[in-house]
Amino acid sequence: MIVIGERINGMFRSIGDAIAAKDKKPIQEMAERQLAAGADVLDINVGTRVAKADRPEVMRWMVEATREVTGKPLSIDSPSIDVVRAGLEVASVKGPVIINSTTGAQDRLDAFMPLAKEFGTGIIGLTIDENGIANTVDAKLEIGMRIVSAAMENDVPMEEVYLDPIILPVKTDQNSPRVTLETISQFKMLSDPPPHVVVGLSNVSQQATERSLINRAFLVMAIAAGMDASIHDPLDEVLMNEMITAELLMNMSIYSDSYLKAYLQHG
Amino acid sequence: MPLPEATERWTMAINEVTIGAGPDEGGTRKSVVKVGGEKSLPYMHFEAPMPNRTVVAMEVWDCVPTDWAPPLMEALGDVVNSPAEWAKACEAKFGAEMICLTLKGTHPDFGDASPDAAAAVVKSVLQATGLPLIIWGGGHDEKDNLVLPKCSQVAAGERCLIGTVKEDNYKTLTAACLADRHNLIGESPIDINIAKQVNILASDMGFPLERMVMFPATGALGYGMEYVYSIQERGRLAALGGDKMMAMPVICQVGQEAWRAKEAKATAEEFPQWGDEQERGPLWELTTAVSLLQAGADIIVMRHPKALAALKKVIAELMKP
């Protein structure tokens, strides 16, 4: 599993405060803690407290702060192409990058895919188009295919494409998890080699009381359906252990009595 | 119609392990071998060239074997009376690329030689040959824990390959090899889960994974070889797919296993339809070895000079792109 750690996000109070105070330390500590807990990629998101006009500059600063402590892949998280470009310019100098994200809307694909090609990055494609979030398996597949085709046209290798079927909160759309699981397994058949499939996991439990429990249950189900990347909180140790165990049960890794330790120490 | 692209893309390479140290590195070896480093399944040169060919080692015992088949003893000759002479012959006469010194004589049932006596044998073999050395315990855990640290110590600086550590007996030897900077063999009983566990246990003690070799146990042709083959292959697939705990080169004890088979050692008198035992034994050993090459063996330990020479030829052929 490719674990994209979600904790460097201005929406979290400690990170939001660090941005406001221009204090790199909490960002760097969060980067190191997530990596130690098993994150493969670190998501960087300026959040909404920063004024729109300042976001490119803040993204640049956050990426620089993170890059001082790690060369691991970073996921530059913003719907704005200016913010993403600002992040890519500094992040790609020292290590791999993933663009998070484009949608399947034509104007977004036309803007973001060439950017992925230019910087040699990965790219997450959301199943959203001009009509909004697709909410049936067929509609999600249609947009997924559009994203895959756009990647091919722009010479972005399939190993760099991450399709996100978008999971909606179970509290507001109880049909969404089942549709998402079905979509995950179908996404894996869109091309050979297949694209990666990723979800923003914590979305499934928005507004619910049993957030951790719902996240954990859905993560295990999504792994069984073929999902191979997830944006979540790697500091949730139980969640991570369930993820590692799910991969083991799917025969994606070789069992040993110390399999949990082996994963966390050596990936 | 164009053929579809069939090459596999793997995410990880097998670790490259260096065995033996020359004078420039504090040892006295005249040759040093590198094993592992593969980036694809064996001999798939179109996917990735094999950086190192499989190395052929020859078994030398610290005592005279009493139950080896006559064709084997005849081929080796008088040298079996002295481990140093035996090792010398392996290098100069038989063409071995490594010596695998098996300390069978330290086993309580096979002479119970003392740790000091074993260490003296190790020293004599190191003096007699310039080849890199594998030191293999006598197979009695408690005794090995007394013998092998001594041998490790007298061979410090030579960067030997010493084994074996097992799931329930790994601490003493791992610590010794760590201190004396040797490479280490992790043994498992044809069990991929235990193979991984042994590697994790040694690694937990701070032993570098890059200095480990796996011994997943070997089976001879006709005696479980398909099972051994599939375990070895699965381990290799997992390693190439990114499992760092399985990314070690593999050693196979082919001579030892092949010569346990009745088909290798029975005389023509007993089984006339099986043919001349002078040819049959080495062939049994060779066929076992060649099969395991395909499963990804990086070091093969042989016994019969003729089988060893033929195996080297096969490897040279397979290495041609």
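In case you missed it, the structure is sitting above this.
Okay, so let's go over this structure. (Residues numbered from 1 in each chain as written. Chains lettered and ligands numbered in written order. Predicted model: local features only at pLDDT ≥ 70, side-chain atom pairs only at ≥ 80, totals over all residues. Heavy atoms only, no water.)

Next up on the list: the sheet that holds strand E7 (residues 183-187) of chain B. Residues and elements named next belong to chain B. Strand order in the open sheet formed by 8 strands is E8-E7-E6-E5-E4-E3-E10-E9, and the pairing between neighbours is parallel. The sheet is open, and its two borders are formed by strand E8 (212-215) and strand E9 (251-253), each paired with just one other strand. Strand-to-strand twist across the sheet, computed as the mean angle between neighbouring axes with direction ignored, equals 25°. The sheet contacts of helix H5 (residues 171-179) involve strand E6 (161-165) and E7, and relative to E6 the element is tilted by about 160°. (Pairing = 2+ DSSP bridges. Helix = DSSP H or I, 4+ residues; strand = E, 2+ residues; numbered from the N terminus. Axes fitted to C-alpha atoms, helices over the stretch in contact; angles between N-to-C directions. Contact = heavy atoms within 4.5 Å.)

Here we come to the pairing of strand E4 (residues 97-103) of chain A. Residues and elements named next belong to chain A. Burial runs high along E4: 7 of the 7 residues are buried. Where strand E3 (residues 74-77) meets E4, 4 bridges bridge the pair, whose relative direction is parallel. Residue pairing across strands places Asp77 opposite Asn100, the latter belonging to E4. In this view, the connection linking E3 to its parallel neighbour E4 by way of helix H4 (residues 81-91) has right-handed handedness. Taken together, E4, helix H5 (residues 106-119) and strand E5 (residues 122-126) form a β-α-β motif whose crossover is right-handed. (Buried < 20%, exposed > 50% of the residue type's maximum accessible area, 1.4 Å probe, protein only. Right-handed = clockwise from strand over helix to strand, strands pointing away.)

Below, the discussion takes up the nonpolar core. Residue and element names in this part refer to chain B. Residues Trp86, Leu133, Ile135, Met302 and Leu311 are the most contacted members of the largest nonpolar core, which totals 84 residues. For this core, the element with the most residues is helix H6 (residues 192-204), which contributes 7 residues. The residues contacting Trp86, other than those within four sequence positions of it, are Glu59, Val60, Trp61, Cys63, Pro65, Trp68, Leu76, Val79 and Val80. (Core = buried A, V, L, I, M, F, W, Y, C linked by side-chain atoms within 4.5 Å.)

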